[in-house]
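# Structure at a glance
Listed below, chain by chain, are the residues.
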Amino acid sequence: MQELRVGVLGFGVVGRGVVELLLTQGALLQQRTGVRLRLVRIATRTPSRNGDLALGEVELTDDLQRVVAAEDIDVVVEVIGGLEPARSLLEQALRSGKHVVTANKALLAMHGADLVPLAVANRCELMFEAAVAGAIPIIKVLRESLAANRIDQLYGILNGTCNYILTEMRERGSSFADVLRDAQAKGFAEADPSFDVDGIDAAHKLVLLAAIAFGSYPDFSQVHIEGIRHVSDVDIQWATEMGYRIKLLGIAKQDAEGVELRVQPTLVPVSSMVASVEGVYNAVFVRGHAAGTTMYHGRGAGERPTASAVVADLVEIARNWRVGCVGRVAAFSCLSENLRAFPVRATDEWRGEYYLRLAVADRPGVLAEVTRVLAEHQISLDAIHQKGRSAVAAVPLIMVTHATTERQIRLALREIEGLDAVQETPRFIRIEPSVV
Ligand code: HSE
């Protein structure tokens, strides 16, 4: 029986899941690949036995070089995360001819354009199914199952922490700060939640999906990123009342004029499938010219779901290796020489419908002043709501526009903010009425 020798970098939550799967599912993996996937070594800076896993002959070391530079390792699994030392270690592994499986979305989003050619030059596989949406096999779907399609649009819920927070805010009627504090206490959100709640984690994932779908290297600098800190419970209540849910979506669109890449809180119709994705779940929707829209749903994080994707990559490497093949499927689907830069459309040119929330003085003529400004900017309204009365405090004025450009919205809101009756900076949230 041929043997593929595996070394794991990192022994946190995902590392533990990978080790457990390799140790307990060896016979099944062998039946499926014809190869013995032998876990040789785990390297972590803080080697503790990590719970009750019986590691048997598997070596546990704090010397990361014992994985990336060792003669007795064929494949390196990187589950440390972060840019350094992960980047240097993986470069070293690839230069020494080792295949790499990584769950590191930040690294690929920032440095995929360097790592992929390095892998190709060294005739190594560089696989990263676990980097996007955990257990959902969306990378394989885009690269292989939908390979016959021109893809003009994909969107999804790519961050479980944000989806959990938005779901809880709606169900409990609580503020962002309260739900975040609870989520941290329960271990559902990181102590430093900024990567998640500021949309950065979702943007890393989006740029990888877009690169594969549109045939480019990932260019993280081209993603417009807005997180969920500014979504208030008032917005969530109004969205619900008007037949919407608010979701943090990653959206990638392509047409003849360019590409839009954005992570943003978005109003979606309550009747849509994406609205029904709740709690920590992820979902990705892909529109291909031949397949139409397909949807992929599942767990986007966690020990076993993420390990499932890592080990699936090991299975693919083992299968290829058994028949003496490498680089069968290019990392970003198109061969390197066919990848091109994204022509990215400026945010000003984006077109869509908008939800607007103002805090205004409750006196005659205010609505007329606001709608005059909107009319001057050619913005047509679909709905206006105002509830509550106050002789002293501001009251919320909620509006939904017809399709317009982002330039018009921004110019109009700047002018509206200058009106005497407007007492806070106006807020807007984009609406995607045509999601499925
Ligand atoms: N922290 C991410 C999430 C999972 O909440 O979805 C890892 O990318």
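All values reported here derive from a predicted model rather than from experimental measurement.

## As for helix H7 (residues 160-172)
An ideal rise of 1.5 Å per residue puts 18 Å on 13 residues; H7 measures up with 18 Å between its terminal C-alpha atoms. Within H7, the full set of buried residues consists of Gly-160, Thr-161, Cys-162, Asn-163, Tyr-164, Ile-165, Leu-166, Thr-167, Glu-168 and Met-169. Taken together, the buried residues of H7 touch strand S7 (151-157), helix H8 (176-185), helix H9 (194-197), helix H11 (233-241), strand S9 (244-255) and strand S11 (281-288). Among the residues of H7, the N-terminal cap falls to Asn-159, whose side-chain oxygen and the backbone nitrogen of Thr-161 are separated by 3.1 Å. Directly after H7, the chain includes Gly-173, whose backbone phi takes a positive value near 65 degrees.

## Some points on the packing of aromatic side chains
One pass over the full model with this rule turns up four aromatic pairs. Summarising the aromatic geometry, the rings of Tyr-217 and Phe-332 are spaced 5.9 Å apart at their centres and angled 80 degrees between planes, so their arrangement reads as edge-to-face. Of this pair, Tyr-217 sits in the loop between helix H10 (200-214) and strand S8 (224-225) while Phe-332 sits in the loop between helix H12 (303-322) and strand S13 (351-360), placing them 115 residues apart in sequence. Between Tyr-354 and Phe-428, the ring centres sit 5.6 Å apart and the planes meet at 70 degrees, which makes this aromatic pair edge-to-face. A residue pair is termed long-range when its members are at least 10 positions apart, and Tyr-354 in strand S13 and Phe-428 in strand S17 (residues 427-431) qualify at 74 residues. Ring pairs connect the aromatic residues Phe-128, Tyr-217 and Phe-332, which therefore count as one cluster.

## Points about unusual backbone geometry
In this structure, Pro-85 follows Glu-84 across a cis peptide bond, with omega equal to 10 degrees. Relative to the assigned elements, Pro-85 resides in the loop between strand S4 (75-78) and helix H4 (86-95). The backbone phi angle of Arg-123 is positive, close to 55 degrees, even though this residue is not glycine. Exposure remark for Arg-123: the relative accessible area of 58% places this residue in the exposed category. For Ala-133, which is not glycine, the phi torsion reads 60 degrees and is therefore positive. Following the sequence through the fold, Ala-133 ends up in the loop between strand S6 (126-127) and helix H6 (138-145).

## A word on the domain arrangement of the protein
Looking at the protein, the domain boundaries give domain 1 (2-135 + 303-336), domain 2 (138-299) and domain 3 (347-431). Centre-to-centre separation of domain 1 and domain 3, based on C-alpha positions: 51 Å.

Cut-offs applied
Residues numbered from 1 in each chain as written. Predicted model: local features only at pLDDT ≥ 70, side-chain atom pairs only at ≥ 80, totals over all residues. Heavy atoms only, no water. Helix = DSSP H or I, 4+ residues; strand = E, 2+ residues; numbered from the N terminus. Expected span 1.5 Å × (residues − 1). Buried < 20%, exposed > 50% of the residue type's maximum accessible area, 1.4 Å probe, protein only. Contact = heavy atoms within 4.5 Å. Polar contact = N/O pair within 3.5 Å; in protein donor to acceptor, adjacent residues only side chain to side chain. Phe/Tyr/Trp six-rings, centres within 6.5 Å; stacked < 30°, edge-to-face > 60°. Domains from an automatic or database assignment.

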